[in-house]
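Examination of the molecular architecture
What follows is the residue order along each chain.
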Amino acid sequence: MSRSAETGSVLSPVTADDVDLAVRLAVGVLREAPAAGWDGKAGSLEWDCWETLEHLADDLFYYAVQLGPQSPPLDTHVPIALSQKRPDGPWNFLFADRDAGPAGLLQVLEASGALLVAMVRTTPPRVRAHHASGVSDPEGFAAMGVVETLVHTHDLAEGFGLAWTPPSALCSRVLTRLFPEAPGSADPWLTLLWATGRAELPGHPRLTTWRWDSTLRS
């Protein structure tokens with residue numbers, strides 16, 4: 001378990017169930033997105049909504065893959081080739097078939113999420129794997145997957161004009177795991193948006209650069 005630096009309270013670890021919950025909630029919201037809006041900007045991002053959801057699915061796939069080898073590399077990621085569809089678009093390992101439309105894209109998200117859920121659930125806690133923000137364990141990759149899901153669904157919800165507020169307890173767990181220096185007195189969801197450069201907090205201006213810490217917690 002993790003201990004909150006602000007309150008001293010003990011929080012449950014981030015688990016495969018948390019990844020599953022985050023993805024299920026995201027898919028439920030995004031099924032309401034209008035079919036005509038996928039080429040529009042995703043919130044404050046420079047990517048359109050299709051690219052943003054494709055990137056999210058790719059993130060979840062990427063985290064699952066890092067945990068897959070019998071001896072995961074600790075100095076670089078598993079060597080799957082990255083590519084871009086356009087010069088300013090995201091670099092991805094995988095892309096959805098455009099002909100399958102938004103419903104197919106959501107299936108890609110569900111499938112990638114299921115892969116990460118399975119890997120976090122079955123990988124021994126002692127396993128370590130590479131991430132640019134610090135070598136991590138299965139819980140760390142679960143937390144990263146949850147953050148990616150929550151904040152990119154926020155971007156997409158902004159782009160589509162949809163309501164999106166994930167559970168506070170889920171936000172608290174990933175803040176403790178990945179953003180141990182984040183203020184602990186504000187609403188956890190607003191704090192997570194602040195920590196990822198998407199909102200202001202009272203007394204804390206909006207961040208122009210940000211980075212989580214995926215290294216292990218005691």
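Each remark here, short or long, concerns the structure printed above.
Now for a look at the structure at hand. Remember, it's a predicted structure, so these values are computed and weren't measured experimentally. (Residues numbered from 1 in each chain as written. Predicted model: local features only at pLDDT ≥ 70, side-chain atom pairs only at ≥ 80, totals over all residues. Heavy atoms only, no water.)

1. Focus: the overall build of the chain
Going by this rule: Per the convention used, a helix needs a DSSP run of H or I reaching at least four residues, while a strand needs a run of E reaching at least two, with both numbered from the N terminus. Within these notes, the globule rule equals 2.2 Å times the number of residues to the 0.38 power, and the radius of gyration is based on C-alpha atoms. Categorising residues by exposure relies on relative accessible area from a 1.4 Å probe, with only protein chains included: less than 20% of the type maximum marks a residue as buried, more than 50% marks it as exposed, and the intermediate range marks it as partly exposed. Should any heavy atoms of two residues lie within 4.5 Å, those residues are considered in contact. Computed by Shrake-Rupley with a 1.4 Å probe, the accessible areas treat only the displayed protein chains as cover when residues are assessed. Positive charges come from Lys and Arg alone, negative charges from Asp and Glu alone, with His and the N- and C-terminal ends not counted. In this description, the location of a charge corresponds to atom NZ of lysine, CZ of arginine, CG of aspartate or CD of glutamate.
The helix and strand tally for the chain stands at six helices and two strands. Seen in sequence order, the chain has helices and strands lined up from the N terminus as β-β-α-α-α-α-α-α. Computed over the C-alpha atoms, the radius of gyration of the chain is 17 Å, within 12% of the 17 Å expected from 2.2 N^0.38 for a compact globule of 218 residues. Counting only C-alpha atoms, the chain reaches 50 × 45 × 30 Å along its principal axes. Across the 218 residues that make up the chain, the buried fraction comes to 51%. At a minimum sequence separation of 6, the contacts of the chain that also span at least 24 residues come to 66%. Carbon and sulfur atoms provide 54% of the accessible area of the chain, an area that totals close to 10,300 Å². The distance from the centre of the 16 positive side-chain charges to the centre of the 26 negative ones in the chain is 5 Å.

2. Considering the side chain of D58
Here D58 shows up in helix α2 (residues 49–66). Excluding residues within four positions of it along the chain, D58 makes contact with W91, N92, F93 and L94.

3. Focus: the packing of aromatic side chains
The condition that has to hold: Each Phe, Tyr or Trp ring (for Trp, its six-membered ring) is paired with any other whose centre lies within 6.5 Å, and the angle between the two planes then decides the class: stacked below 30 degrees, edge-to-face above 60, tilted in between. Only lysine NZ and arginine CZ atoms are considered, and such an atom sits over a ring when it is within 6 Å of the ring centre and within 35 degrees of the ring normal.
What the rule picks out here adds up to eight aromatic pairs. Ring geometry for F179 against W210: centres 6.4 Å apart, planes inclined by 50°, an arrangement best described as tilted. Residue F179 is located in the loop between α5 (168–178) and α6 (188–195), and its partner W210 is located in the segment after α6; the two are separated by 31 residues in the primary sequence. Here the aromatic rings of F179 and W212 are separated by 6.5 Å at their centres, their planes lie at 75°, and the arrangement is edge-to-face. Pair noted here: F179 is in the loop between α5 and α6 and W212 is in the segment after α6, with a separation of 33 residues, a long-range link. W212 matches F179 in its accessibility class, with the two residues each being buried. Here the basic side chain of K85 rests over the ring of F95, its NZ or CZ set 4.8 Å away from the ring centre.

4. Some words on the pattern of salt bridges
Here is the rule we go by: When a carboxyl oxygen of Asp or Glu is within 4 Å of a side-chain nitrogen of Lys or Arg, the pair counts as a salt bridge.
Throughout the structure, instances matching the rule amount to 10 salt bridges. When the shortest N-O distance is used, the salt bridge between E110 and R31 registers 3.6 Å. On the criterion of sequence distance, the pair formed by E110 in helix α3 (residues 101–122) and R31 in the loop between α1 (16–30) and α2 is long-range, its members being 79 residues apart. Given the relative accessible area of 35%, E110 is considered partly exposed. Residue classification places R31 among the exposed residues on the basis of a relative accessible area of 52%. The salt bridge involving D213 is made with R217; its shortest N-O contact spans 3.5 Å. Assessed through its relative accessible area of 28%, D213 is described here as partly exposed. If you follow the salt bridges from partner to partner, you end up with D137, E139 and R177 in one network.

5. Some words on α2
Applied cut-off: The span you would expect from a helix comes to 1.5 Å times its residue count less one. Contacts described as polar in this section are N or O atom pairs within 3.5 Å, which, within protein, must combine one atom able to donate a hydrogen with one able to accept it, while residues neighboring in sequence count only if both atoms come from side chains.
Helix length check: α2, at 18 residues, gives a terminal C-alpha distance of 26 Å against a target of 26 Å (1.5 Å per residue), a fit within 8%. Taking burial as the measure, the 18 residues of α2 include 17 buried ones, the bulk of the element. Capping the start of α2 is the job of one residue whose side-chain oxygen sits 3.1 Å from the backbone nitrogen of W50: D48.

6. Looking at the side chain of R198
Considering the arrangement of structural elements, one finds R198 in the segment after α6. Once you skip the residues sitting within four places of it in the chain, R198 turns out to touch L45, V151, H152, H154, D155, L193, R206 and W210.

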